[in-house]
Amino acid sequence: MTPQDASIATTLDLPSYLLGAIMLLLVMILHGFVLLQITKRYEVKSFLYLAEKKYSEVTLYFYISIFCLFLTHIAEIILWGVSLYVLKLVPTLGQSILFSGSTYTAMGFMEDILPDGWKMLAVIIAFSGMFAFAWTASAMISMTKNFRQAYTKRHMEKLNISSDMIDRFK
């Protein structure tokens, strides 16, 4: 590669597109796998708890599942940060994780510290966060159905509504 070719690659941020595409794919595969595991387990457990009229357990399991979704996002931020550090794009691991978190969440509280030729990577990290948050939000919306059903049935019990009426509520 000639110096002029290197300059064009740097100017167009070509290396960041390649790494960004690979990492985006890995992060989305990881996110999808973990998200499906969490939601699948929640759906089954909450269905069984509802059938057994264990409404408080549904609530507890809902919040545990939400916390697991939060940890998934933290793991993805760390994955981005480690990749930036391993490729020596950011001088320290702490800085790279903080930069990844700032970018992934689209908070942007940290200045762009990536070297020339890698600037577009920040945009790709932000896209991965937006995709992941949207996917998580849709999963949380579907999880809310059983949570609300358990909450309402527990409230109906507190109001001393008959079991027959509670059982009819879906």
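The structure presented is a predicted model; accordingly, all values stated were derived computationally and were not measured.

### What about the overall build of the chain?
The helix and strand inventory of the chain stands at six helices and zero strands. Counting from the amino terminus, the chain carries its helices and strands in the arrangement α-α-α-α-α-α. Against the globule reference of 15 Å for 170 residues, the chain gives a C-alpha radius of gyration of 22 Å, more extended than a compact globule. Along the first, second and third principal axes, the C-alpha atoms of the chain reach 80 × 25 × 20 Å. When the accessible surface of the chain is totalled, it reaches about 10,100 Å², and 70% of it is carbon and sulfur.

### Re the nonpolar core
Counting residues in hydrophobic clusters, the biggest one holds 19 residues, and the most contacted among them are Trp80, Leu84, Leu89, Phe99, Leu114, Leu121 and Ile125. When contributions to this core are tallied by element, the ones reaching two or more residues are α2 (14-51), α3 (55-86), α4 (93-104) and α5 (120-158). For this core, the leading source of residues is α5, giving five residues. Setting aside its immediate chain neighbours within four residues, Leu114 contacts Leu84, Leu89, Val90, Phe99, Lys119, Leu121 and Ala122.

### Focus on a nonpolar patch on the surface
Together, Phe67, Phe70, Leu71, Ile74, Ile78, Val82, Tyr85, Val86 and Leu93 make up a nonpolar patch on the protein surface, roughly 770 Å² of accessible area in all. Looking at the nonpolar patch, the element that brings in the most residues is α3, giving eight residues. Within the secondary structure, Ile78 is located in helix α3. For Ile78, a relative accessible area of 38% corresponds to the partly exposed category.

### With respect to the side chain of Ser96
Position of Ser96 among the secondary structure elements: in helix α4. The exposure class of Ser96 is buried, given its relative accessible area of 0%. In terms of polar contacts, Ser96 uses its side chain to reach the backbone carbonyl oxygen of Gly81, at 2.9 Å. Excluding anything up to four places from it in sequence, Ser96 contacts Gly81, Leu84, Tyr85 and Val90.

### Looking at the confidence of the model for the chain
Scored by pLDDT, the chain has a mean of 90; 92% of the residues are at 70 or more. Averaged pLDDT values for the elements of the chain fall to 59 in helix α1 (residues 3-11) and rise to 97 in α3.

### Quick look at unusual backbone geometry
The phi torsion at Lys88 lies on the positive side, around 60 degrees, for a residue other than glycine. Considering the arrangement of structural elements, one finds Lys88 in the loop between α3 and α4. Despite not being glycine, Ala106 has its phi angle at roughly 60 degrees, a positive value. Mapping Ala106 onto the fold places it in the loop between α4 and α5.

The rules behind the values
Residues numbered from 1 in each chain as written. Predicted model: local features only at pLDDT ≥ 70, side-chain atom pairs only at ≥ 80, totals over all residues. Heavy atoms only, no water. Helix = DSSP H or I, 4+ residues; strand = E, 2+ residues; numbered from the N terminus. Rg over C-alpha atoms; globule rule 2.2 N^0.38 Å. Areas by Shrake-Rupley, 256 points an atom, 1.4 Å probe, with all protein chains shown as cover. Core = buried A, V, L, I, M, F, W, Y, C linked by side-chain atoms within 4.5 Å. Buried < 20%, exposed > 50% of the residue type's maximum accessible area, 1.4 Å probe, protein only. Contact = heavy atoms within 4.5 Å. Patch = residues over 30% accessible without salt bridge, like charges linked within 9 Å, V, L, I, M, F, W, Y side chains within 5 Å. Salt bridge = Lys/Arg side-chain N within 4 Å of Asp/Glu carboxyl O. Polar contact = N/O pair within 3.5 Å; in protein donor to acceptor, adjacent residues only side chain to side chain. pLDDT = per-residue confidence, 0-100.

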